[in-house]
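# Chain and residue survey
Here is how the chains run, residue by residue.
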Amino acid sequence: WYFYDLSYWGLDYPPLTAFQSWACGWAAHLINPAWVALDQSRGIETHASKLFMRSTVIVLEALVYVPAVVLLFQSRHIQVNWVVRQASIFSVLLQPCLILIDHGHFQYNSVMLGFLLWTVYFAAREQYLVMAACFCCALMFKQMALYFAPAVFAFLLAKCFRSPYGVRLFVQLGLVVIATFGVMLLPWMGSPAQLQQILIRVFPVARGLYEDKVANVWCAINVAVKLRSMFVAPVLLRLAAVATSVAFAPSCIHLFLAVKRSVAGQALVAADAVKLLCYALVNCSLAFFLFSFQVHEKSILLPLALALLLIHEEPWAVNWFVQVALFSMYPLLFKDGLQIPYWVMAIGWSMLRSCPACPADKRTPVAVLNAQWLSTLVMVAIHAANMLLPPPPSLPDLYVVLNVLFSCAMFVLFFAYFNYRQLTLALVRVRATRSKKKDN
């Protein structure tokens, strides 16, 4: 699988994606063998074959992603009004970025994100072995789930220190991880060359620092400083690794310490620990998106998916984040001819979030609201200029570069904000606890 005809869409995802593709191919063979005939099916674009492929995305999303969203909001927000809770569930399920990428660009990101949401769900239920297995499934479906690995590791390690049976839990977690990876890699276990090839295909270092025009720090810096011309790939790889580690370290260290020990004498309850985990997952994945090696435009789906779990705690920030993330993916969606769906989804989701049932933070400062409106005007202005004013011949990528610079700047601000919210969350809880004690 990982050696066959790599010049024609060679397999470059982990084994669970390979198994899923094989299963979909088997189902397609039962309907029409010509769709998946080896080599002979290349270039087939019939209406029926495309309908089948689109249907597989919908079915897998319904099986993995949708139940995780529903159960998470039903379990984490029991005290929230039922109508408000349902509005939040619909907001997450109808967020435009994932729909346009999976159902327009055609991918299965919802499966990986579904496994990640199941990871958070079982963390909330304190079923840490199942949590670890779900995260391993996410990793073995798409390697981008590594964006969350430091935060998940910090959380589970803290639980091992916190539990009176910590050593046993640590051993059990290790066995679960080894068993999950072992089962999925079993067909290749007999050949070191096959395992090495999987690593080479899954981690394509040779592709360079970033792909296309992505709204991360390296691509934004490239406007003024041509890093890829100044340094060879191994040096850039080390630079990206160091920068990424420095970026996610504060969030993960704080998560570990907050979950491991009491905060001002008050132990974190499960709900607080999971909320901290959600913030840390957002911050860790944003750190990877902004600073890691070989980032794609659609990778912003990862921090966005976890940020949406905080839609009750951070309504204005999450709404804003969705708008900017969607804007950042416009060049990719434009290539796929998805301009009309882009505008329909952007306007439709904004209208959905404006309905009375959706939670809104009435304490949001006026300055923040004004900044949000200003950023919206900037995005609309860039779109308008792109449609009405052709770029100068010497700057053919002018509007794409403006998109990158603006989106990257906004993502850096979101990164700073969510880190601030995580680092101050435990302090807010302690103050609230002390206030209650004084009142009593």
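Described in the following lines is the structure provided in the data block. Everything numeric here is computed off the predicted structure, so don't read it as measured data.

## Topic: the packing of aromatic side chains
Per the counting criterion, the structure on display carries 26 aromatic pairs. Relative to Y121, the ring of W118 lies with its centre 5.5 Å away and its plane at 85 degrees, an arrangement referred to as edge-to-face. Pair noted here: W118 and Y121 are both in helix α5 (residues 109–124), with a separation of three residues, about one helical turn. Chaining the aromatic ring pairs together yields one cluster made of F289, W316, W320, F321, F411, F414, Y417 and F418. Its end group placed over the ring of Y8, R42 keeps NZ or CZ at 4.1 Å from the ring centre. The ring of Y165 has R168 lying over it, and the distance from NZ or CZ to the ring centre is 4.8 Å.

## Focus on the nonpolar core
Counting residues in each nonpolar core, the largest one holds 140 residues, and the members touching the most others are F155 and F411. Take this core: its biggest share by element is 16 residues, from helix α13 (residues 270–291). Residues within four places of F411 in sequence aside, it is in contact with A215, L286, F289, L290, I300, F321, V324, A325 and S328.

## Describing the pattern of salt bridges
Scanning the model with the defined rule gives four salt bridges in all. One salt bridge connects K213 with D397, and the closest N-O pair in it is separated by 3.8 Å. Here K213 is found in the loop between α9 (192–202) and α10 (217–221), whereas its partner D397 is found in the loop between α18 (366–388) and α19 (398–439), with 184 residues between them in sequence. Ionic contacts of the salt-bridge type, sharing partners, join the residues D5, D39 and R42 into one network.

Analysis parameters
Each chain carries its own residue numbering, running from 1 in the written order of its sequence. Under the rules for a predicted model, residues below a pLDDT of 70 receive no local features and side-chain atom pairs below 80 are neither given nor counted, while totals for whole chains, interfaces and linings still include all residues. Only hydrogens and water are set aside; all other atoms, that is, all heavy atoms of the structure, feed into the side-chain values. Each pair of aromatic rings taken from Phe, Tyr and Trp, with Trp reduced to its six-membered ring, is defined by centres within 6.5 Å and is described as stacked if the planes are under 30 degrees apart, edge-to-face if over 60, and tilted in the remaining cases. Elements are defined by DSSP. Helices are runs of H or I of four residues or more, strands are runs of E of two residues or more, and each kind is numbered from the N terminus. In this scheme, Lys NZ or Arg CZ marks a charge over a ring once it lies within 6 Å of the ring centre and within 35 degrees of the ring normal. For this analysis, a nonpolar core means a set of buried residues of the types Ala, Val, Leu, Ile, Met, Phe, Trp, Tyr and Cys, connected via side-chain atoms within 4.5 Å. Summary of the burial criterion: residues with accessible area below 20% of their type's maximum are buried, those above 50% are exposed, and those between are partly exposed, where the area comes from a 1.4 Å probe applied to protein chains only. Contacts between residues were defined by any pair of non-hydrogen atoms, one from each residue, lying within 4.5 Å. Salt bridges are counted wherever a side-chain nitrogen of Lys or Arg sits within 4 Å of a carboxyl oxygen of Asp or Glu.

Nothing here speaks to function; it is all geometry.
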